[in-house]
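Structural description and commentary
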Amino acid sequence: QVQVVESGGGLVQAGGSLRLSCVASGRTFTMGWFRQAPGKEREFVAAISRSGGSTYYAESMKGRFTISRDNAKNTVYLQMNSLKPEDTAVYYCAARVGTVPTTTARTYDYWGQGTQVTVSS
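Definitions and cut-offs
- Residues numbered from 1 in each chain as written.
- Predicted model: local features only at pLDDT ≥ 70, side-chain atom pairs only at ≥ 80, totals over all residues.
- Heavy atoms only, no water.
- Buried < 20%, exposed > 50% of the residue type's maximum accessible area, 1.4 Å probe, protein only.
- Helix = DSSP H or I, 4+ residues; strand = E, 2+ residues; numbered from the N terminus.
- Pairing = 2+ DSSP bridges.
- Disulfide = S-S within 2.5 Å.
- Contact = heavy atoms within 4.5 Å.
- Polar contact = N/O pair within 3.5 Å; in protein donor to acceptor, adjacent residues only side chain to side chain.
- Core = buried A, V, L, I, M, F, W, Y, C linked by side-chain atoms within 4.5 Å.

1. Quick look at the pairing of strand 4 (residues 30-36)
Counting buried residues along strand 4, six of its seven residues qualify, which places the element largely inside the surrounding structure. Pairing analysis gives seven bridges linking strand 4 to strand 9 (residues 89-96), with the strands arranged antiparallel. In the sheet register, W33 faces strand 9, and the bridge partner there is C93. Two elements, strand 4 and strand 5 (residues 43-48), share five bridges in a ladder whose sense is antiparallel. Residue pairing for strand 5: M31 is matched across the bridge by I48.

2. Focus on the state of the cysteines
Counting across every chain of the model gives one disulfide. Bridging C22 to C93, the disulfide has an S-S length of 2.0 Å. Because the torsion about its S-S bond is -85°, the bridge between C22 and C93 counts as left-handed. With C22 in strand 3 (residues 18-24) and C93 in strand 9, this residue pair connects regions lying 71 residues apart in the sequence. Across the pair, exposure class does not vary: C22 and C93 are buried alike.

3. What to know about the environment of T30
Here T30 lies in strand 4. C-alpha separation for the pair T30 and S51, spaced 21 residues apart in sequence, amounts to 8.4 Å. Those residues in contact with T30 that sit more than four places away from it in its chain are I48, S49, R50, R69, A94, A95, R96, G98, T99, V100, P101 and Y108. From its side chain, T30 meets the backbone oxygen of G98 in a polar contact 2.8 Å long.

4. Let's talk about the nonpolar core
Formed by 32 residues in total, the largest nonpolar core has its most connected members in M31, W33, V45, F65, L78, M80 and Y91. Of all the elements in the fold, those that place two or more residues in this core are strand 3, strand 4, strand 5, strand 7 (65-70), strand 8 (75-80), strand 9 and strand 11 (115-120). Not counting residues within four places of it along the chain, the set of residues in contact with V45 comprises W33, F34, R35, Y56, Y57, A58, M61, F65, L78 and Y91.

Dropping the structure here:
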């Protein structure tokens, strides 16, 4: 059974940084990060191919967030810099069996439980 487990969330001041980690068991997947703020729909943050050679970002995260992976550790990372209060959300890691990273949540097959990120002003 595939398990996806996120970690690294927390409380940070505006302008600060956090690094989220995600471990997906079983095999190497195409991976994505999504987030959901209270009262809002889940939105795409970033995605990475199985090899790590291709990455994709939501426009508002470009230049501030970096997705990367270490396949030897089955771990995907989301480095978040210059955080803003509007980045406050539950961040979810997702694994996709398909080979092409996508920005659509319903195309991902396995999900973690989420980790809270709170950015104070």
